[in-house]
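Chain by chain, the residues run as shown.
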Amino acid sequence: MKAESLIAIFSATAFLGACSAADQADSTENQTVTVLTHDSFAISDEARAAFEEESGMTLRTTSPGDAGMVLNQLILNKDNPTVDVVFGIDTMSAQRALDEGVIADYTPANDPGADLRIDRLTAIDRGDVCLNADTEYFEDAGLALPGSFADLTKPEYENLLVVTNPVVSSPGLAFLAGTIAEADDWQQYWTDLLDNGTKVVDSWSTAFYTDFSASDGQGDYPLVLSYASSPAYGEGAFETVEGTCVRQVEYAGVVSGAANEEGAQAFIDFMVSDQFQSEIPETMYMYPVADVELPEEWATYAQPVNDVIVPDPALVADNREMWQQEWTALFEARN
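Okay, so let's go over this structure.

About the thresholds
- Residues numbered from 1 in each chain as written.
- Predicted model: local features only at pLDDT ≥ 70, side-chain atom pairs only at ≥ 80, totals over all residues.
- Heavy atoms only, no water.
- Helix = DSSP H or I, 4+ residues; strand = E, 2+ residues; numbered from the N terminus.
- Buried < 20%, exposed > 50% of the residue type's maximum accessible area, 1.4 Å probe, protein only.
- Contact = heavy atoms within 4.5 Å.
- Areas by Shrake-Rupley, 256 points an atom, 1.4 Å probe, with all protein chains shown as cover.
- Lys, Arg positive; Asp, Glu negative; His and termini not counted.
- Charge placed at Lys NZ, Arg CZ, Asp CG, Glu CD.
- Expected span 1.5 Å × (residues − 1).
- Bend = angle between axes of the 7 residues up to and from the residue.
- Disulfide = S-S within 2.5 Å.
- Pairing = 2+ DSSP bridges.
- Salt bridge = Lys/Arg side-chain N within 4 Å of Asp/Glu carboxyl O.
- Core = buried A, V, L, I, M, F, W, Y, C linked by side-chain atoms within 4.5 Å.
- Axes fitted to C-alpha atoms, helices over the stretch in contact; angles between N-to-C directions.
- Left-handed = near helix turned anticlockwise from the far one by under 90°.
- Nonpolar A, V, L, I, M, F, W, Y, C, P; charged D, E, K, R; others polar.
- Parallel < 35°, antiparallel > 145°, perpendicular 65-115°, else oblique.
- Patch = residues over 30% accessible without salt bridge, like charges linked within 9 Å, V, L, I, M, F, W, Y side chains within 5 Å.

### What to know about the overall build of the protein chain
On a plain count of helices and strands, the protein chain comes out with 13 helices and 9 strands. Counting only C-alpha atoms and orienting by the principal axes, one finds that the protein chain spans roughly 100 × 40 × 35 Å. Residues classed as buried in the protein chain amount to 52% of the 335 residues present. Relative to all contacts within the protein chain whose residues are 6 or more apart in sequence, the contacts with residues 24 or more apart total 75%. Taken as a whole, the protein chain presents about 15,000 Å² of accessible surface, with 46% of it coming from carbon and sulfur. One way to put it: in the protein chain the 13 positive side-chain charges average out to a point 8 Å from where the 58 negative ones average out.

Shown next, in the form of structure tokens:
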């Protein structure tokens, strides 16, 4: 074979190889990974940049509101998904997400929360849904903190509490499940709770940042439904109310039918990495599932709670819609 022919063949092979490499690069670079999440999700600029550099993809997040809204949107769009990965499905809604078939099968090779895993859902962070109390308010009023759900219906706590709607809010659903687990007659309990001036809003961010007296909005309610980890944010301005805590774990999953399944898997891998896990306490005020160092203020203000209510997830899955419908009827009848 002539040298010119060999050169032509080698040149063509090199050209095709280069095109193949470029095509492979184009298959990941300039792609977007779209994450459906709740409005309390946060990621640092450094972590976002690290993920995009490692994956060659652009990260985009979209939020319809609280975690309950996330699940509802995921189910509504399950025949035509517009997102690749979901984060924020919690213990109380995990089984429903699985039953609806909106989560694809994926387990990261590094799975630090494996003991908390629920089927196709990967545990990302954990926390306890608890009431938080404005420390200064209770000290100035000479009023003891409530010590249980039952205390919240007493006259001395009238018009002091803001909680979130259990139909659309993840902590709201956890609180409802906790009251059902604790009360002999949960509907009567909620009737008494609402009659005692408890305010109900749709999202945690509204309750915490707008209505809570010890937070940024300096609202009118010295008791708020939040998390055991939240007091680290206030550095002593508010505290956890023991006896009102319900266990919650937050999960991520690849969305069934995702356009960018590879990107979704890559983002879940990143969420369980030490880099992302280490920033969870300061960005989302939850406990990471990985064994990473916690900020100093957590040791002072946000120690884990020992007395925690753990509702049966299967019981919640079987009764969730009925409970929510009954709660809605009860709430609307009083408003």
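### Let's talk about helix H13 (residues 313-333)
With 21 residues, H13 should cover 30 Å at 1.5 Å per step; its first-to-last C-alpha distance of 28 Å lies within 8% of that length. The sharpest bend along H13 comes to roughly 60 degrees, located at Asn319. Turning to H13, its buried residues are Val316, Asn319, Arg320, Trp323, Gln324, Trp327, Leu330 and Phe331. Elements that come into contact with the buried residues of H13 comprise helix H3 (67-76), helix H4 (94-99), helix H6 (170-182), helix H7 (186-195) and strand S6 (199-201).

### Thoughts on the state of the cysteines
Enumeration over the complete set of coordinates arrives at 1 disulfide. The disulfide partner of Cys130 is Cys245, and the gap between their sulfur atoms is 2.1 Å. On the sign convention where negative is left-handed, the bridge of Cys130 and Cys245, at about 120 degrees about the S-S bond, is right-handed. Of this pair, Cys130 sits in strand S4 (residues 122-134) while Cys245 sits in strand S8 (residues 238-254), and the two are 115 residues apart along the sequence. Exposure remark for Cys130: the relative accessible area of 0% places this residue in the buried category.

### Brief notes about the pairing of strand S3 (residues 85-90)
Burial analysis of S3 places 6 of its 6 residues in the buried class, the great majority of the element. The sheet contact formed by strand S1 (residues 31-37) and S3 spans 3 bridges and is parallel. Across the sheet, Thr37 pairs through a bridge with Phe87, a residue of S3.

### Looking at the pattern of salt bridges
One pass over the structure, following the stated rule, counts 8 salt bridges. A salt bridge links Arg117 to Asp111; the nearest nitrogen and oxygen atoms lie 3.3 Å apart. Like Asp111, Arg117 is buried. Here Arg334 makes a salt bridge to Asp195, at a shortest N to O gap of 2.9 Å. Of this pair, Arg334 sits in the segment after H13 while Asp195 sits in helix H7; the two residues are 139 residues apart in sequence, bridging distant segments of the chain.

### Thoughts on the nonpolar core
Leu152, Phe175, Trp190, Leu223, Phe267 and Phe276 are the most contacted members of the largest nonpolar core, which totals 69 residues. Aside from chain neighbours lying at most four places away, what touches Phe175 is Leu131, Phe149, Leu152, Val163, Trp190, Leu193 and Leu225.

### A closer look at the side chain of Arg120
Structurally, Arg120 is set in the loop between H4 and S4. Beyond its immediate stretch of four places on either side in the chain, Arg120 contacts Leu98, Ile103, Ala104, Asp105, Tyr106 and Ala252.

### Focus: the packing of H7 against H13
Viewed as axis vectors pointing N to C, H7 and H13 meet at an angle of 35 degrees, and their least axial separation amounts to 11 Å. In the crossing of H7 with H13, the sense of the turn from one axis to the other is right-handed. Taken together, the residues of H13 that come into contact with H7 (itself represented by Trp186, Gln187, Trp190, Thr191 and Leu194) are Trp323, Glu326, Trp327, Leu330 and Phe331. Split into classes, the residues belonging to the contact of H7 with H13 amount to 7 nonpolar, 2 polar and 1 charged.

### A word on the packing of H6 against H7
It is the contact of H6 with H7, at a shortest axis distance of 9 Å, that shows an interaxial angle of 120 degrees. As judged from the angle between their axes, H6 and H7 are oblique. Between H6 and H7 lies a crossing whose hand is right-handed. Between H6 and H7, the residues in contact are Phe175, Leu176, Thr179 and Ile180 and Trp186, Tyr189, Trp190 and Leu193, respectively. Each residue belonging to the contact of H6 with H7 can be placed in one class, and the counts come to 7 nonpolar, 1 polar and no charged.

### Quick look at the environment of Glu250
One can find Glu250 in strand S8. Each C-alpha atom, one on Glu250 and one on Gln31, is 26 Å from the other, the two residues being 219 residues apart in sequence.

### Thoughts on a negative patch on the surface
The grouping of Glu136, Glu139, Asp140 and Glu239 at the surface amounts to a negative patch. Looking at the negative patch element by element, the count peaks at 3 residues for helix H5 (residues 135-141). Note on placement: Asp140 falls in helix H5. Classification of Asp140 as exposed rests on a relative accessible area of 64%.

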